[in-house]
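Structure assessment
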Amino acid sequence: MEKKIALSGVKPTGAPHLGNYFGAMKQFVELQNDYEFYAMIADYHALNFIQNAEEMQKNILGVLLDYLAIGLDPRKVTIFKQSDVPEHTELAWIFDTITTVPYLKRSHAFKDAEAKNKEINVGTFNYPMLMAADILLYDTDIVPVGSDQKQHVEYARDTAEKFNRLYGKTFKIPEPMILKDVATVPGTDGQKMSKSYGNTIPLFAEPEEIKKYVMGIVTDSVASIPKNVFAIHALLRPDKELRFLYHAKAGKYKELKEMLIEDLEKFIAPMREQRKALARDIPGALGILKEGGEKAKRVAERKMAEIRKKIGVSL
Ligand code: ADP
Ligand code: TRP
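Residues numbered from 1 in each chain as written. Chains lettered and ligands numbered in written order. Predicted model: local features only at pLDDT ≥ 70, side-chain atom pairs only at ≥ 80, totals over all residues. Heavy atoms only, no water.

**Things to note about the environment of Pro-207**
Structurally, Pro-207 is set in helix H10 (residues 207-215). Among all residues touching Pro-207, those that are not within four sequence positions of it are Glu-265 and Arg-272. (Helix = DSSP H or I, 4+ residues; strand = E, 2+ residues; numbered from the N terminus. Contact = heavy atoms within 4.5 Å.)

Here's what the structure looks like:
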């Protein structure tokens, strides 16, 4: 039987944190054996936020090393960058022509930016159409993402349906795949862990960093259990075991934090060291990206030829 297709992407906007890993990236590794998996570096999405060539290059390479260090196997997974497959931006344009402004205005990301009175660029406004193109070009069955990306996958579904209605069946309708237990990973202050809140623990943190960040966790507590420490610890140990431990050491915040530091170091160290080893062979990593780009492009080109026929621009 043919494998189903999974696709996801990460924006190269800076070092990943535990929220990115447990909310989204961990699933990639788990899915790579059972799905034909496309792991994309969403550099054109990141262009909305990173407008500096050096930083962009550094971040793209960063995501590539992250993907490999968490255990994506390039023999199984197609690792590629969005900008290597111009069909993504081409299809996004076509989607723009069948999408209305009020519909895009309903996006959470757009509403958040508007509420903050931010100046919103057109790229941010159209973000969901580029993401729909990413997903639909590959006849994707499932899209593993964190819960905050659910709406974006819905945009892709709606857009596929609209196109299919207008031009005849062309696109598969993708499903989001969201890990239930860790829908949202909390940060060191108890809010959602996010780069934009400065409350993250980096996925590849050095031992001193782990210590510094864990010691900085805000210790609001319920029945002498520091809930933010517990919530992060819960990513690493079974709930039952952890409850037992936290009750046994109720009120001993420092000891609990030290245990968390130890567990985090055990969890992070192998990936961190693997990433360092990979970083010693940048040409090798870039070779993987090039090969992935070529493979993705072959698939996207074929789909795009079909789409151009459907809309009547190929004679
Ligand atoms: P950030 O909020 O730090 O900027 P991104 O928006 O770049 O993170 O998210 C990248 C991926 O990681 C997305 O799939 C998102 O759903 C997931 N993700 C980010 N933060 C969390 C979190 N705290 N809990 C669960 N998933 C998260
Ligand atoms: N929007 C996603 C994020 O912010 C990144 C992304 C871009 C993506 N294209 C995608 C995720 C396609 C899944 C599928 O995390």
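**A few points about the packing of helix H1 (residues 18-31) against helix H13 (residues 253-279)**
Close contact between H1 and H13 brings their axes to 13 Å; oriented N to C, the two are set at 75°. It follows that H1 is roughly perpendicular to H13 by the angle criterion. The segment H1 lies against H13, with Leu-18, Tyr-21 and Phe-22 engaging Leu-264, Phe-267 and Met-271. Split by residue class, the contact of H1 with H13 holds six nonpolar, no polar and no charged. (Axes fitted to C-alpha atoms, helices over the stretch in contact; angles between N-to-C directions. Parallel < 35°, antiparallel > 145°, perpendicular 65-115°, else oblique. Nonpolar A, V, L, I, M, F, W, Y, C, P; charged D, E, K, R; others polar.)

**What to know about the pairing of strand S3 (residues 77-81)**
In terms of burial, S3 is a largely internal element, five of the five residues being buried. Residues Val-77, Ile-79 and Lys-81 line one face of S3 and the alternating positions Thr-78 and Phe-80 line the opposite face, and both faces are buried. Note: strand S2 (residues 35-41) against S3, five bridges, orientation parallel. Residue pairing in the sheet places Ile-41 in a bridge with Lys-81 of S3. (Buried < 20%, exposed > 50% of the residue type's maximum accessible area, 1.4 Å probe, protein only. Pairing = 2+ DSSP bridges.)

**Some details on the site of ligand 2**
Neighbouring ligand 2 are 14 residues, the closest being Lys-11, Tyr-127, Met-131, Asp-134 and Gln-149. For ligand 2, a nitrogen atom lies 2.7 Å from a polar atom in the side chain of Tyr-127. A distance of 2.9 Å separates a nitrogen atom of ligand 2 from a polar side-chain atom of Gln-149. Burial of ligand 2 by the surrounding chains reaches 91%, relative to a free accessible area of 370 Å². Counting residues per element, the ones that place at least two in the shell around ligand 2 are strand S1 (4-10) and helix H8 (127-136). Counting residues per element, the shell around ligand 2 draws most heavily on H8, which supplies four residues. Considering only residue class, the shell around ligand 2 consists of eight nonpolar, four polar and two charged. (Near = heavy atom within 4 Å. Polar contact = N/O pair within 3.5 Å; in protein donor to acceptor, adjacent residues only side chain to side chain. Areas by Shrake-Rupley, 256 points an atom, 1.4 Å probe, with all protein chains shown as cover.)

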